Amino acid sequence: MTEEIDYESLPPNAGLAVNMLAGALAGISEHAVMFPIDSIKTRMQVFATSPVAVYSGVGNAFARISSTEGIRALWRGVSSVVVGAGPAHAVHFGTLEAVKELAGGNEAGNQWVATSVAGASATIASDALMNPFDVIKQRMQVHKSEFRSVFTCARTVLRNEGLGAFYVSYPTTLAISIPFNAIQFTVYEQCKHFMNPRHEYSPISHIVSGAVAGAVAAAVTTPLDVAKTILQTRGTSSEADIRDVRGMTDAFRVIWTRDGLKGFGRGITPRVLTIMPSTALCWLSYEFFKAAIRMD
């Protein structure tokens, strides 16, 4: 009788490489597919001065952007994600699995502390690499963006605002991503264990677990994401209070002053709509590529 192979087990000489490659492929798949909804989320979070750029909902935003700017406008900035997401997700999943193994997360039982620590550690490493690409992406996504090239955008931001512009949102990004990924990874592991206790390759369990984990994490961290968008797009604003934000506290003050409590929920619907399926796709892709690569 052929011995059953646990697809999640790592070959001792190839585990890190497998997880990094699987993570890179998963990251590109995740971001590219859901990019138009992410563009809408960015526009809904920005405090626009033009009535044309104020949207009442996801459907309204999609219809107006498509009719006034063309459908291609929803894909503006996707090249920045493709360039940055592969390496960033490779680092993320490589760190995730390495720390999870070191912290005992692969041992029997409910190792939620180890999985949370692994998720947070992976975030710190990957966000340091991805943050500049995310700044470029959002600069290209905003209404009437002057940029059509990643390199032109990067060069212009560097010349006009300095290197710090690419990292002014990094503390806020970590403030989002550490709880986001800790929540996401913990919920994912718990859902996967509940649905797939034998740890077999099960696409349905990966999709459902990823979707639930992404939705929960996205909703909880939306207020921080609004602050991050303001920080990353401040250079595109003509209003002094937005251009002068220097950190998360300043961004929160602007949100509260302009829109009150409801301002912290700006873009929550497209954020959940983006992250829920993209997280499901990301985990499905990751588990698939991890299993497929090990079969070679």
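Residues numbered from 1 in each chain as written. Predicted model: local features only at pLDDT ≥ 70, side-chain atom pairs only at ≥ 80, totals over all residues. Heavy atoms only, no water.

**A short note on the environment of Gln138**
Then comes step 1: Looking at the secondary structure, you find Gln138 in helix α5 (residues 112-141).
Then comes step 2: Residues Gln138 and Ser80, 58 residues apart in the sequence, show an inter-C-alpha distance of 9.5 Å.
Then comes step 3: Of the polar contacts made by the side chain of Gln138, one reaches the side chain of Thr42; its length is 3.1 Å. (Helix = DSSP H or I, 4+ residues; strand = E, 2+ residues; numbered from the N terminus. Polar contact = N/O pair within 3.5 Å; in protein donor to acceptor, adjacent residues only side chain to side chain.)

**What about the pattern of salt bridges?**
Then comes step 1: Applying the stated criterion to the full structure yields 17 salt bridges.
Then comes step 2: A salt bridge links Glu239 to Arg258; the shortest N-O distance between them is 2.3 Å. Remark: Arg258 occurs in helix α10 (residues 248-259) and Glu239 occurs in the loop between α8 (203-232) and α9 (240-243); sequence separation between them is 19 residues.
Then comes step 3: For Glu239, a relative accessible area of 21% gives the class partly exposed.
Then comes step 4: Among the residues examined, Arg258 registers a relative accessible area of 30% and is labelled partly exposed.
Then comes step 5: Taken together, the shared-partner salt bridges connect Asp38, Lys41, Asp134, Lys137, Asp225, Lys228 and Arg271 into one network. (Salt bridge = Lys/Arg side-chain N within 4 Å of Asp/Glu carboxyl O. Buried < 20%, exposed > 50% of the residue type's maximum accessible area, 1.4 Å probe, protein only.)

**As for α10**
Then comes step 1: Look at α10: 16 Å from first C-alpha to last across 12 residues, which is about the 16 Å you get at 1.5 Å a residue.
Then comes step 2: The set of residues buried in α10 consists of Ala251, Val254, Ile255 and Asp259. Within α10, the buried residues cover an arc of 100° as seen down the axis, which keeps them to one side. Away from the buried face of α10 by more than 90 degrees, exposed residues Thr249, Trp256 and Thr257 are located.
Then comes step 3: If you follow the buried residues of α10, they end up packed against α8 and α9.
Then comes step 4: A positive backbone phi angle near 65° is found at Gly260, which sits one or two residues after α10. (Expected span 1.5 Å × (residues − 1). Arc of directions from axis to C-beta. Contact = heavy atoms within 4.5 Å.)

**Description of the side chain of Ser169**
Then comes step 1: As for its placement among the helices and strands, Ser169 is situated in the loop between α6 (150-161) and α7 (170-195).
Then comes step 2: Residue class for Ser169 comes out buried when judged on its relative accessible area of 0%.
Then comes step 3: Reaching out from Ser169, the side chain makes a polar contact with the side chain of Asn131 at a distance of 3.1 Å.
Then comes step 4: Setting aside its immediate chain neighbours within four residues, Ser169 contacts Asn131, Val135, Lys228, Leu231 and Gln232.

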